[in-house]
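Each chain is listed here by its residues.
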Amino acid sequence: MKIAIVEDEREHRQLIKKYIEELCADKNICSQIFEFESGEQFLFENEEIHADALFLDIQMPGISGVDLAKRLRCQKDDIAIVFATGMDGYMEAGYDLEAIHYLKKPIDKNKVSVCLDRIHQRNHENKFILIDQTDGKYKVNIQNIVSVEAAAHNTLVTIRRENVCETMKSTLSFGEMEQLLGDFDEFQKTHRSYIVNLSFVKNITKTGVIMDHGKIIPLSRRLYKDVNAGFIRHFTR
C-alpha cells in the first residue's frame, strides 16, 4: 500500500510517518510511505507514485488540503483521504470530499490505527485500475465503471460518481481494456465494441442491454446467451 503524507510542518509529518510505520509493522501491512511538504509537490510527484492513501494537512501555504482534495476528486482520483488539522470546523468539508476520517492535532496513534484499518479494508474491498489519458494516468475504482466502448484505437469509459455518469477517453485500446477487466466477473462483453458492468444493467432485450441511466448498449446475437446467463448469475449471486 502506498501512503502519502502531505504536511508542511516537519515535526507533524515525521510523527505521522512514525505511527504509520509502527502500525503497519504490527498489522503486517506492506507499505511505502512518501512525504511531501506541500500540495503542489504532491500533485507533481503523485503522477509517478499513484498513492493509495493520503494523510493530508488542511492548513498549508499555497494550495490548502481542502483545495488539493477537491482537485483530486475533480480528476476522478479515488484515493483514500484522511484530513488532519489543529482547528475545528472542517468536518463538513471532509464528508463532502469523501474523506474516510478526520484527525485532530495533536495526532493520536490509536486514531491513526483506525484510519489504517479503514484504508486497508477499503483497498481490500475495492479494486482499482489505471486508465491512461493523454494528460496522464487516472486511478479508477472498477465498481464505478459503467461501460467501455471502442473508439478507433482508443476507448470511451463511462464512469458513475454520485449518481452522475461521465465519459473519459482512454488511450488504451479496446483489446487492452478487455484484458484489464477480464479478471472481474461483473464485466461482460456484449458486442465486439462494447463491455458493460452487469451491476449497472437494468434489463436485457434480444438486441440491447439497457443500463440504469437509460443508455442502450448493443447486444450481438452471438453473445446474447452468454450475457443473459451472466446477468442472471451476477444478481443471483
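Keep in mind that this is a model prediction, so the values were computed, not measured.

Cut-offs used in this document
Residues numbered from 1 in each chain as written. Predicted model: local features only at pLDDT ≥ 70, side-chain atom pairs only at ≥ 80, totals over all residues. Heavy atoms only, no water. Helix = DSSP H or I, 4+ residues; strand = E, 2+ residues; numbered from the N terminus. Buried < 20%, exposed > 50% of the residue type's maximum accessible area, 1.4 Å probe, protein only. Contact = heavy atoms within 4.5 Å. Lys, Arg positive; Asp, Glu negative; His and termini not counted. Charge placed at Lys NZ, Arg CZ, Asp CG, Glu CD. Pairing = 2+ DSSP bridges. Axes fitted to C-alpha atoms, helices over the stretch in contact; angles between N-to-C directions. Salt bridge = Lys/Arg side-chain N within 4 Å of Asp/Glu carboxyl O.

## A look at the overall build of the chain
Within the chain, the secondary structure is distributed over seven helices and 15 strands. Based on the C-alpha atoms only, the size of the chain along its principal axes is roughly 65 × 35 × 30 Å. Within the chain, buried positions represent 49% of all 237 residues. Considering only contacts within the chain whose residues lie at least 6 apart along the sequence, 52% involve residues at least 24 apart. Charged side chains of the chain number 32 positive and 37 negative; the gap between the two group centres comes to 8 Å.

## Thoughts on the sheet that holds strand β9 (residues 154–161)
Hydrogen bonds along the backbone pair up the strands of a sheet, which may run parallel or antiparallel. Sheet architecture is open: five strands sit in the order β10-β9-β8-β12-β11, paired in antiparallel fashion. The open sheet terminates on both sides in strands that have one partner only, identified here as β10 (164–170) and β11 (187–191). Each neighbouring strand pair of the sheet contributes to a mean axis angle of 20 degrees, computed without reference to strand direction.

## Quick look at the sheet that holds strand β2 (residues 32–36)
Taking strand neighbours across the sheet as the criterion, the five strands line up as β2-β1-β3-β4-β5 in an open arrangement whose pairing is parallel. Each having just a single partner strand, β2 and β5 (101–104) make up the two edges of the open sheet. Strand-to-strand twist of the sheet, defined as the mean angle between neighbouring strand axes without regard to direction, takes the value 20 degrees. Against the sheet, helix α1 (residues 10–27) touches β1 (2–6), β2 and β3 (53–57), its axis set at about 175 degrees to β2. Against the sheet, helix α2 (residues 39–49) touches β1, β2 and β3, its axis set at about 145 degrees to β2.

## Topic: the pattern of salt bridges
Applying the stated criterion to the full structure yields ten salt bridges. For E22, the salt bridge identified is with K18, shortest N-O distance 3.0 Å. Separated by four residues within a single helix, E22 and K18 lie in helix α1, roughly one turn from each other. A salt bridge links E22 to K109, with the shortest nitrogen-to-oxygen separation between them at 2.6 Å. Residue E22 is found in helix α1, and its partner K109 is found in helix α5 (residues 109–125); the two are separated by 87 residues along the sequence. A relative accessible area of 28% means that E22 is categorised as partly exposed. Through salt bridges that share partners, R13, K17, E35 and E37 make up one connected network.

## Here we look at the side chain of R13
For R13, the location among the structural elements is in helix α1. In this view, R13 contacts I5, E7, D8, E35, F36 and E37; residues no more than four positions away in its chain are not counted.

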